[in-house]
Amino acid sequence: MYKPANEMLKKITLNVILLMTGITTVFAQTQTIRGTVKDADSQYPMVGVTVIVLDSDPILGAVTDADGRYVIEHVPVGRVDLKFSFVGYKEAYLKQQLLEIGKELVLHIALEEDVMAMDEVVVTASQTGNIINNEAAVSSVRTFDVEETRRYAGSRNDIARMASNYAGVSNADDSRNDIVIRGNSPVSLLWRLDGIDIPSPNHYNTLGSTGGPVSILNNNNLANSDFITSAFPADYGNTVSGVFDLELKKGNGFTREYTGQIGFNGFELGAEGPFSQSSNSSYMVNYRYSTLGVFKALGIDFGTGTAVPQYQDLTFGLDFTTKKAGSFKLFGMGGISQIHFEPVEESDSQGNLYSTEDLKNNGQVGVIGLKHTYYVNSNNYITTSVATSYQHSDVVIDSLQNNPPNQQVDDVRQNQSQTKYSLSSKWVSKINAKNKFELGINMNYYDLNYQDSVYFIDTNSWFRYTDVTGGTLLTQAHTQYQWKLNEKLRLVGGLHFQNLELTGESVVEPRFGMLYQATSSTSISLGYGLHSQIQPLVVNFWRFRDHPDSNNEDVGFTRSHHYSAGLDQYLGQNFHLKVEGYYQYLFNVPIETASSSYSIVNSGSSFGFDVKPDMVNEGFGKNYGVELTLEKFFSNNYYFLLTTSLFESKYQGSDGVWRNTAFNNQYIVNLLGGSEFHLGKSGVLTTDIKLTFSGGRYHTPIDLNASVAAGEAVYIDSEAFSLQYDPYFRTDFKIGYRMNMRRISQEWLIDFQNVFNRENIFEEFYNPQTETIDKRYQLGLFIIPQYRILF
């Protein structure tokens with residue numbers, strides 16, 4: 001038997017015995033902390049950095065070796081604080097890191113070289129506003145870590161749902177993780193993984209969307225990552241809304257470790273470790289299968305009938321470090337999903353059969369890539385990523401009709417595939433402590449295969465509304481310069497170039513950022529950027545039965561000016577206040593030629609895309625507001641986070657009228673908090689709560705009389721988005737218990753979402769059977785249990 005597999009079997013056997021016997025506190029509970037330290041600008045490993053566990057007696061610490069690595073052994077488990085220091089560099093602190101018996105704590109950090117003799121900069125585990133991976137992002141940015149993705153009630157270990165707690169961000173739909181950033185369509189979000197722009201990393205997504213009901217990305221496999229909401233640096237393009245810049249973590253290169261997790265989202269098993277004890281290479285892999293899919297295979301029925309979400313996903317990373325050729329990382333992520341909704345025969349009081357649908361949805365999404373980092377010298381490096389991503393959606397919809405009774409009629413056949421071949425490379429040069437320069441290119445070739453049809457009863461024939469095989473190239477390039485004038489002022493400037501082969505459109509976009517450190521606890525940031533985004537490519541190839549000569553192939557970029565200004569104030573070591581204002585002006589927004597309220601800025605407010613014939617880039621939009629964040633970082637066994645957003649989101653269609661967008665809630669308030677209570681020497685009780693209060697969405701009224709006559713919903717276009725739903729309110733509560741044993745750590749959680757079962761309206765719709773306007777509601781009370789084991 002292969003040695004790692006044999007070792008894993010021995011560990012599982014021993015840990016099962018420990019679980020059954022309940023041995024917990026008779027052993028000394030210590031664990032190892034290890035990681036690497038690099039220069040923040042050059043990313044070169046730093047030798048001789050001192051790492052100390054604060055308040056340890058006797059003092060525990062280490063010094064980094066020639067590869068920038070450190071190891072601190074026999075550290076008591078629990079919350080720990082660490083200090084990193086090196087002559088000529090700013091000191092850094094990581095506070096309240098969670099050290100568990102079942103898993104070593106691996107912490108990678110970058111230190112910033114002093115421009116002059118500066119005050120030390122103190123950062124904490126949850127003070128993510130300061131620990132930014134991309135130093136060029138000086139405004140509207142926040143970095144999150146793995147623990148934060150697990151901490152908040154209602155987040156379901158989903159980074160997109162977690163981000164909806166931040167100022168200026170909200171969920172578009174409780175049942176999905178699409179997020180609205182500062183009033184922008186969720187379609188505008190950019191996902192980036194290890195330098196590669198990737199498709200929506202979610203099960204049951206559609207081409208062009210950025211969200212889904214279940215995330216494929218496993219938070220256990222992520223390293224610290226950035227989330228940016230405005231005025232992006234020059235190395236980001238093809239977005240006007242926000243950026244998730246994600247990094248898969250590197251597997252533990254010294255100890256083999258395993259993670260098991262059971263929850264509503266699935267049965268999971270993860271492993272990481274070195275390929276051999278003598279190598280500088282490691283692996284990380286995680287597999288998940290849907291919980292309800294497992295129960296279905298066992299013959300257990302949860303009352304969902306055939307509508308059982310069945311999905312599975314895999315994430316992996318293989319890291320190889322060489323002496324001269326640099327480092328290589330082979331990474332991948334993918335998932336497959338399927339679900340079947342059967343028609344249900346029901347009758348109203350008059351005996352009329354409801355028209356229902358038989359829907360089958362099958363999808364696949366994945367990416368595999370290779371990332372290479374080569375150090376030219378200690379001040380210059382080149383990083384290059386190549387990848388292939390694939391996205392496929394196969395949807396079959398049949399309708400159950402009244403006349404003749406119970407007859408199933410073909411309705412829609414959707415078969416969309418998109419393969420993308422990507423190359424991303426950049427050269428970064430640290431000229432000195434004050435100056436840094438980078439130059440990069442990002443190329444994506446889209447290979448398309450769209451074959452979609454709809455059946456029309458009036459002609460008893462199928463109409464193919466997309467019929468595309470072919471491809472197009474999106475080319476991006478950027479240059480960027482960072483200048484630290486002194487210990488207080490940092491300027492970042494750059495240019496971004498973007499060209500789409502399909503339309504022939506090219507744009508050059510300036511970017512600018514400024515960070516002024518007024519005092520050791522107060523900073524001011526400014527940001528500006530001109531940004532562009534292609535449309536979901538299915539829009540360019542959509543065809544219309546009633547408009548056979550229409551053509552959207554020339555529909556170009558949506559463009560946007562971003563302005564932001566922020567104030568960060570640290571109130572002692574554990575409290576942080578941030579106030580930020582922003583203004584965004586969108587132009588060249590696709591609208592239809594005929595006079596109407598339509599604009600593509602409202603895409604993502606319902607299922608699917610609403611595409612019009614002969615669209616033109618002549619629409620406008622604007623988003624503006626102010627945001628407040630007040631947080632207490634985790635210390636003294638508790639934390640809290642208060643975010644408030646006051647904003648307006650408007651747009652103008654071809655009729656020339658400025659209206660509310662579908663995402664104009666106008667205000668959003670989130671209040672989160674949590675605490676830990678120690679029970680004995682090895683147990684910790686955790687509690688977390690979240691309250692969300694926001695304005696209702698604007699919507700378009702339905703003309704009931706016209707709908708009755710037409711047999712389907714008819715909206716009053718002249719009054720588009722003039723009505724507002726009732727305010728949204730939801731409370732989530734999570735309680736858990738964490739326990740350290742001799743060789744393992746365990747955690748039990750129950751997450752109560754929408755505790756009070758409040759009916760938050762999702763939409764109004766026309767019911768042709770009752771000839772009334774009915775309502776659909778957001779998620780009701782939803783209980784999610786979870787168990788996790790580390791060993």
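Model, not experiment: these values are computed from the prediction.

Caption draft 1: Structural view of the overall build of the chain. Helices and strands together make up the secondary structure of the chain, namely six helices and 43 strands. Against the globule reference of 28 Å for 791 residues, the chain gives a C-alpha radius of gyration of 27 Å, in line with a compact fold. Considered along the principal axes of its C-alpha atoms, the chain spans approximately 85 × 60 × 50 Å. Every one of the 791 residues in the chain was classed for burial, and the buried ones make up 56%.

Caption draft 2: Inspection of the nonpolar core at higher detail. By size, the foremost hydrophobic cluster in this structure holds 38 residues, and its most contacted members are Leu448, Tyr450, Ile534 and Met615. Listing elements by their share of this core, those giving two or more residues are β23 (380-401), β25 (435-456), β26 (461-484), α5 (537-540) and β31 (575-592). Here this core gets four residues from one element, more than from any other, and that element is β25. Look past the residues within four positions of Tyr450 in its chain and what remains in contact with it is Leu207, Asn415, Gln416, Ser417, Gln418, Thr466, Asp467, Val468, Leu537, Val538 and Phe541.

Caption draft 3: View of the pairing of β26. Here β25 runs beside β26; their pairing, made up of 22 bridges, is antiparallel. In the strand pairing of β26, Gly440 is matched with His478. The turn linking β25 back onto β26 is made up of four residues, and Asn460 within it adopts a positive phi angle of 50°. The pairing of β26 with strand β27 (residues 489-500) spans 11 bridges and is antiparallel. Bridging across to β27, Lys484 finds its partner in Arg490. Between the antiparallel neighbours β26 and β27 lie four residues.

Caption draft 4: Region of interest: the confidence of the model for the chain. On average, residues of the chain score 89 in pLDDT, and 91% of them are at 70 or above. In the predicted structure, residues 1-6 sits below a pLDDT of 50 and forms four contacts with residues beyond four places in sequence or in another chain. Every residue in residues 117-129 is under pLDDT 50, and counting partners more than four places away or in other chains gives 44 contacts.

Caption draft 5: Examining the pairing of strand β1 (residues 30-39) more closely. Across the 10 residues that make up β1, a large majority, eight, are buried. Where β1 meets strand β4 (residues 69-76), six bridges bridge the pair, whose relative direction is antiparallel. Bridged to Gly35 within β4 is Tyr70. Two strands pair when backbone bridges link them, and β1 and strand β7 (residues 105-111) are joined in this way by seven bridges, in the parallel orientation. Looking at the pairing, Gly35 lines up with Leu107 of β7.

Caption draft 6: Summary view of a nonpolar patch on the surface. Judged by side-chain polarity, Tyr516, Ile524, Leu567, Val579, Val626, Leu628 and Leu646 come together as a nonpolar surface patch covering roughly 500 Å² of accessible area. Structurally, Leu628 is set in strand β32 (residues 615-635).

Caption draft 7: Local environment of the side chain of Ser209. Here Ser209 is to be found in the loop between β13 (202-203) and β14 (214-215). Judged by relative accessible area, Ser209 falls into the buried class, the value being 12%. One polar contact links the side chain of Ser209 to the main-chain carbonyl oxygen of Thr206, over a distance of 2.7 Å. Those residues in contact with Ser209 that sit more than four places away from it in its chain are Arg176, Ser200 and Phe609.

Caption draft 8: Focus on the sheet that holds β4. Taken in spatial order, the three strands of this open sheet run β4-β1-β7, and their pairing is mixed. Each of the sheet's edge strands pairs with one partner strand only, and the pair in question is β4 and β7. Strand-to-strand twist across the sheet, computed as the mean angle between neighbouring axes with direction ignored, equals 25°.

Caption draft 9: Summary view of the environment of Val75. Inspection of the secondary structure puts Val75 in strand β4. For Val75, a relative accessible area of 1% gives the class buried. Considering only alpha carbons, one finds Val75 and Ile101, 26 residues apart in sequence, at a separation of 10.0 Å. Apart from the residues within four sequence positions on either side, Val75 is in contact with Gln29, Thr30, Gln31, Ile33, Val53, Leu60, Val80 and Leu99.

Caption draft 10: Spotlight on the environment of Asp751. Mapped onto the fold, Asp751 is located in strand β40 (residues 745-753). Residue class for Asp751 comes out buried when judged on its relative accessible area of 7%. The spacing of Asp751 and Gly154 is 597 residues in sequence and 6.6 Å in space, taken between C-alpha atoms. Non-local contacts of Asp751, meaning those with residues more than four positions away in its chain, are made with Ala153, Gly154, Ser155, Phe733, Lys734, Phe782, Ile783 and Ile784. Only 3.0 Å separates the side chain of Asp751 from the backbone nitrogen of Gly154, close enough to count as a polar contact.

Caption draft 11: Quick look at the environment of Leu502. Along the chain, Leu502 falls in the loop between β27 and β28 (505-519). Using a relative accessible area of 23% as the deciding quantity, one classes Leu502 as partly exposed. Sequence separation between Leu502 and Met116 is 386 residues, and the spatial gap between their C-alpha atoms is 50 Å. If we skip the residues at most four places from it in the chain, Leu502 touches Thr472, Leu537, Asn540, Phe541 and Glu553.

Caption draft 12: Structural detail: the side chain of Asp245. With respect to the helices, strands and loops of the structure, Asp245 is situated in strand β16 (residues 242-246). Here Asp245 is buried and forms no salt bridge, its nearest opposite-charge partner Arg192 lying at an N-O distance of 5.2 Å. Among the polar contacts made by the side chain of Asp245, one reaches the side chain of Tyr236 at a distance of 2.5 Å. Ignoring anything within four residues of it in the chain, the contact list for Asp245 reads Arg192, Ser225, Asp226 and Tyr236.

Quick notes on the rules
- Residues numbered from 1 in each chain as written.
- Predicted model: local features only at pLDDT ≥ 70, side-chain atom pairs only at ≥ 80, totals over all residues.
- Heavy atoms only, no water.
- Helix = DSSP H or I, 4+ residues; strand = E, 2+ residues; numbered from the N terminus.
- Rg over C-alpha atoms; globule rule 2.2 N^0.38 Å.
- Buried < 20%, exposed > 50% of the residue type's maximum accessible area, 1.4 Å probe, protein only.
- Core = buried A, V, L, I, M, F, W, Y, C linked by side-chain atoms within 4.5 Å.
- Contact = heavy atoms within 4.5 Å.
- Pairing = 2+ DSSP bridges.
- pLDDT = per-residue confidence, 0-100.
- Patch = residues over 30% accessible without salt bridge, like charges linked within 9 Å, V, L, I, M, F, W, Y side chains within 5 Å.
- Areas by Shrake-Rupley, 256 points an atom, 1.4 Å probe, with all protein chains shown as cover.
- Salt bridge = Lys/Arg side-chain N within 4 Å of Asp/Glu carboxyl O.
- Polar contact = N/O pair within 3.5 Å; in protein donor to acceptor, adjacent residues only side chain to side chain.
- Axes fitted to C-alpha atoms, helices over the stretch in contact; angles between N-to-C directions.
- Lys, Arg positive; Asp, Glu negative; His and termini not counted.

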